[in-house]
Amino acid sequence: MNNIISIGFSEYSNPKFAEKKNQDWITYGDDNKYPYHLLNLLNTSAKHNAIVNGKANFIVGSGLQWEDEQYQYLAEKDINRAGESINDILAKIALDLEVFGGCYLEVIYNTFNEPVSLYHIDYAKVRSNVDNTEFYISEQWETKGKPDDIITIKAYDGENTEGKKIIYLKEYRPNVNTYTLPSYQGALNYIELDVAVSEFHLNAIHNGLMPSKMISFNNGTPSVEEQRTIERQLKEKFAGEKNAGKFIINFNNDPAKAPTVLDLSASDLDKQFDLLNRTIQQEIFSGHRVTSPLLFGIATEGALGNRNEIREAYQIFQNTYINGKQIFIERWLKYILAPFGYNTDFTIKQTEPLAFEFSEQVLAQAMTRDEIREKLGLPKLEQQDVVIAEQPKQSFKAFTKEDDDFAIAVFSEFGQDADKFVVINSKPMRFDAEGRELHDEEFAGVDIIITTVQSSVLDLIRQNPLISAKDISEALKVDRNVVNGAIASLEANKLIIQSEINDNGTMVVKREITKEGRVQRNERKPLADVKIYYQYEVMSGLGAEIIDTTRDFCRNLINLRKVFTRAEIEQVSQRLGYSVWARRGGFYHNPKTGVTTPYCRHQWVKKILVEKR
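For clarity, every value in this text was computed on a predicted model and none was experimentally measured.

Another point: the overall build of the chain. Scanning the chain from N- to C-terminus turns up 17 helices and 23 strands. Within the chain, the fraction of its 613 residues that count as buried is 43%. Pairs at least 24 residues apart make up 69% of the contacts formed inside the chain by residues separated by at least 6 positions. As displayed, the chain offers around 33,100 Å² of accessible surface, 50% of which is attributable to carbon and sulfur atoms.

Given below as structure tokens:
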């Protein structure tokens, strides 16, 4: 008589999402560890990982693109003390949205209640109260019991601007209140199955025991207790997907025979697993709304993957999925970054799934000799040209009066009246040997500093109408020129009124905040439309703008009294057929220094301006 015991796969119960009140915060899943479960799946399923990271990369695209190109440097400007830019933050936002369906950002304010830093916070470390008005951060949510390192931070509301605040970006999910769920939630079972199948195959090889076996012990029938001990030991060692164990134990009374193992597996087991793998793959693709696996570097049977097919799949995926994600992030970032001074419009620039291909002839025409030599692994040619005073290279051609007149006529079609603006700061243009502008990072940031400084200036004036610009500069630890520019902007925009009064025998400046100024101060709105323009004028220290020997071109361009945007100057260059940045013809002998230069007394100056009201 035989005694047969059947041992199957160990029962598995996947973590469930649930929101339950627990102390001050709402638990994230039944065990409050749901974010860690999602992270585990990301790190163990190859298909899921490739798709999530690929989608995040598509969402980030080529980063933030400013409508006004003069502000493009903001995309790479540090926005926190860790040296991260807003593009770095964008990449983390996109990945968290794809993994969890939401993300957390932290805004830090200075003593003047101005936002100075924006950080990304690890999503798994945060829990929330029921209505997302208070957040709890801990490194110990995976441990049992209440963590002892919890930090409580209020939600960002745009009004309470002290200390630290948290912003929770989350996508809407029906019947989910406090937290959110990822877009692939419906495919979680198949993602977990993908992980389980990979573990099954791995452990089947390591253990050397294939599933569906019958093990016969032919040396007699042991007692019930002994059978249970054998069953337990085999089950602990082989059952479950990690040990690829499904088997039958058979005890009989034939002591002449040694233990035997009978293979009960199907002969087409490889085909069954292939079918299962294809089903898993298709369900994961569906859960992620993937139009073509080729977009994520996943090859599929029957897909050739030609360039047109990939481009078409990318366009469909961009329109049906990526666009919506990008619009969601753009809307939030414009709201978050406005108090930082990022007030001009921007979008997330789409990326190309495939780079354009150019012929060698086209590349040779577009690249410099040194760039071509670099591609060939050759050293650069020795620099033969002499660059004087950091000015762009130029062929000092002789311009006729007709050339000058035509150039001024074209310039007259563009630009703004310079007298309409208050100058906040200005610096002369500088160029490298190839004629490219050399940017001054400190100067480039003034247009951001000035908008935040204005609010602080208003605060100090409200406290003391007789405070001097010098004292304001020292109190704010801001350059005196920036403070003067801020005061000039406030006055030009009728936010303050300045007057001289006699204070104990000394004439001092009194500044009073107007009604509109009080409104602006209370609402913390950006106080001015700060823009960068360019103007042609005499170099510093050379005296009068126009002297007897001034060329007609310089004389007429200066007399226009206009400022131009970079785009306008580029348009003028296209019309004239040469770069007007380099239009400094004629030799000039400086009587003070005795130096003769192959360009005139004038130059292009970059200016930060605020329009008068």
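Our next topic: the nonpolar core. Core analysis: the biggest nonpolar cluster contains 74 residues, and Ile86 and Leu118 have the highest contact counts within it. Here this core takes eleven residues from helix H7 (residues 307-337), the largest share from any one element. Non-local contacts of leucine 118, meaning those with residues more than four positions away in its chain, are made with Ile79, Asn80, Ile86, Ile89, Leu105, Glu106, Val107, Ile336, Leu337 and Phe340. Among the nonpolar cores identified, the runner-up in size contains 24 residues, and Ile408, Leu557, Ile569 and Val580 belong to it.

In this section: the environment of leucine 105. Assignment of secondary structure puts leucine 105 in strand S5 (residues 102-109). By relative accessible area, leucine 105 is classed as buried at 0%. Setting aside its immediate chain neighbours within four residues, leucine 105 contacts Ile89, Ile93, Leu118, Tyr119, His120, Ile121, Lys165, Ile166, Ile167, Leu169 and Ile336.

Turning our eyes to something else, we now look at the confidence of the model for the chain. Considering every residue of the chain, the mean pLDDT works out to 76; 70% of them sit at 70 or more. Of all the helices and strands in the chain, helix H11 (residues 441-444) carries the lowest mean pLDDT, 44, while helix H3 (residues 86-100) carries the highest, 96. Low confidence marks residues 355-359, where pLDDT is under 50. Its contacts with residues over four positions away, or in another chain, come to five contacts.

By the definition in use, this model includes 27 aromatic pairs. Ring geometry for phenylalanine 411 and phenylalanine 564: centres 5.3 Å apart, planes at 65°, overall edge-to-face. Here phenylalanine 564 lies in the loop between strand S20 (562-563) and helix H17 (566-576) and phenylalanine 411 lies in helix H10 (residues 401-412), a separation of 153 residues in the sequence. For the pair phenylalanine 564 and tryptophan 604, a centre-to-centre distance of 6.2 Å together with 80° between the ring planes defines the contact as edge-to-face.

Within the open sheet, the three strands sit side by side as S6-S5-S10. Their pairing is antiparallel. Each end of this open sheet is capped by a strand with a single partner; those strands are strand S6 (115-121) and strand S10 (164-170). Sheet twist, expressed as the mean angle between neighbouring strand axes with direction ignored, is 25°. Across seven bridges, the pairing between S5 and S10 is antiparallel. Along S10, the bridge assignment pairs valine 107 with lysine 165. The sheet strands contacting H3 are S5, S6 and S10, and the helix crosses S5 at an angle near 145°.

The next subject is the sheet that holds strand S7 (residues 126-128). On the basis of which strands lie adjacent, the open sheet formed by three strands has the order S7-S8-S9 and antiparallel pairing. If you trace the sheet from one side to the other, it starts and ends with S7 and strand S9 (151-154), each paired once. Here the average twist between neighbouring strands, direction ignored, is 30°. The pairing of S7 with strand S8 (residues 134-137) spans three bridges and is classified as antiparallel. Bridged to serine 128 within S8 is phenylalanine 135.

Here arginine 289, not a glycine, exhibits a phi torsion of approximately 60°, which is positive. By the element assignment, arginine 289 lies in the loop between helix H6 (269-287) and H7. Residues other than glycine seldom take positive phi values, yet arginine 561 does so here, at roughly 55°. Counting through the fold element by element, arginine 561 comes out in the loop between helix H16 (552-559) and S20. Residue classification places arginine 561 among the partly exposed residues on the basis of a relative accessible area of 35%.

Helix-helix packing is described using two parameters, namely the angle between the two axes and the distance between the axes. Relative to each other, H10 and H16 sit at 15°, their axes nearing to 9 Å. It follows that H10 is roughly parallel to H16 by the angle criterion. Crossing handedness for the pair H10 and H16: right-handed. Facing Asp404, Ala407, Ile408 and Phe411 of H10, the residues of H16 in contact are Asp552, Phe553, Asn556 and Leu557.

This part covers the pattern of salt bridges. Summed over the entire model, instances satisfying the criterion amount to twelve salt bridges. With its nearest N and O atoms 3.2 Å apart, the salt bridge here joins arginine 561 to aspartate 419. Here arginine 561 is found in the loop between H16 and S20, whereas its partner aspartate 419 is found in the loop between strand S15 (416-417) and strand S16 (421-428), with 142 residues between them in sequence. Within this structure, Lys55, Glu98, Glu171 and Lys325 form a network of salt bridges that share partners.

Its location among the elements puts threonine 161 in the loop between S9 and S10. Excluding its chain neighbours within four sequence positions, the residues that come into contact with threonine 161 are Tyr109 and Asn113.

The pairing of S5 with S6 spans six bridges and is antiparallel. Following the sheet pairing, tyrosine 109 is matched in S6 by proline 115. In this structure, the hairpin formed by S5 and S6 is closed by a connection of five residues, where asparagine 113 is found at a positive phi of approximately 60°.

On to the side chain of glutamate 330, then. Within the fold, glutamate 330 resides in helix H7. Buried within the structure, glutamate 330 lacks any salt-bridge partner; its nearest side chain of opposite charge belongs to lysine 334, at an N-O separation of 4.7 Å. Setting aside chain neighbours within four positions, we find glutamate 330 in contact with Phe346, Thr347 and Ile348.

The next point concerns the environment of arginine 511. Positionally, arginine 511 belongs in strand S18 (residues 506-513). Between the C-alpha atom of arginine 511 and that of isoleucine 467, which follows or precedes it by 44 residues, the distance is 8.2 Å. Leaving out residues up to four positions away in the same chain, arginine 511 has contacts with Ile461, Pro465, Ile467, Ser468, Ala469, Ile487, Ile496, Ile497 and Gln498. For arginine 511, the side chain forms a polar contact with the side chain of glutamine 498, separated by 2.6 Å.

Cut-off values and rules
Residues numbered from 1 in each chain as written. Predicted model: local features only at pLDDT ≥ 70, side-chain atom pairs only at ≥ 80, totals over all residues. Heavy atoms only, no water. Helix = DSSP H or I, 4+ residues; strand = E, 2+ residues; numbered from the N terminus. Buried < 20%, exposed > 50% of the residue type's maximum accessible area, 1.4 Å probe, protein only. Contact = heavy atoms within 4.5 Å. Areas by Shrake-Rupley, 256 points an atom, 1.4 Å probe, with all protein chains shown as cover. Core = buried A, V, L, I, M, F, W, Y, C linked by side-chain atoms within 4.5 Å. pLDDT = per-residue confidence, 0-100. Phe/Tyr/Trp six-rings, centres within 6.5 Å; stacked < 30°, edge-to-face > 60°. Pairing = 2+ DSSP bridges. Axes fitted to C-alpha atoms, helices over the stretch in contact; angles between N-to-C directions. Parallel < 35°, antiparallel > 145°, perpendicular 65-115°, else oblique. Left-handed = near helix turned anticlockwise from the far one by under 90°. Salt bridge = Lys/Arg side-chain N within 4 Å of Asp/Glu carboxyl O. Lys, Arg positive; Asp, Glu negative; His and termini not counted. Polar contact = N/O pair within 3.5 Å; in protein donor to acceptor, adjacent residues only side chain to side chain.

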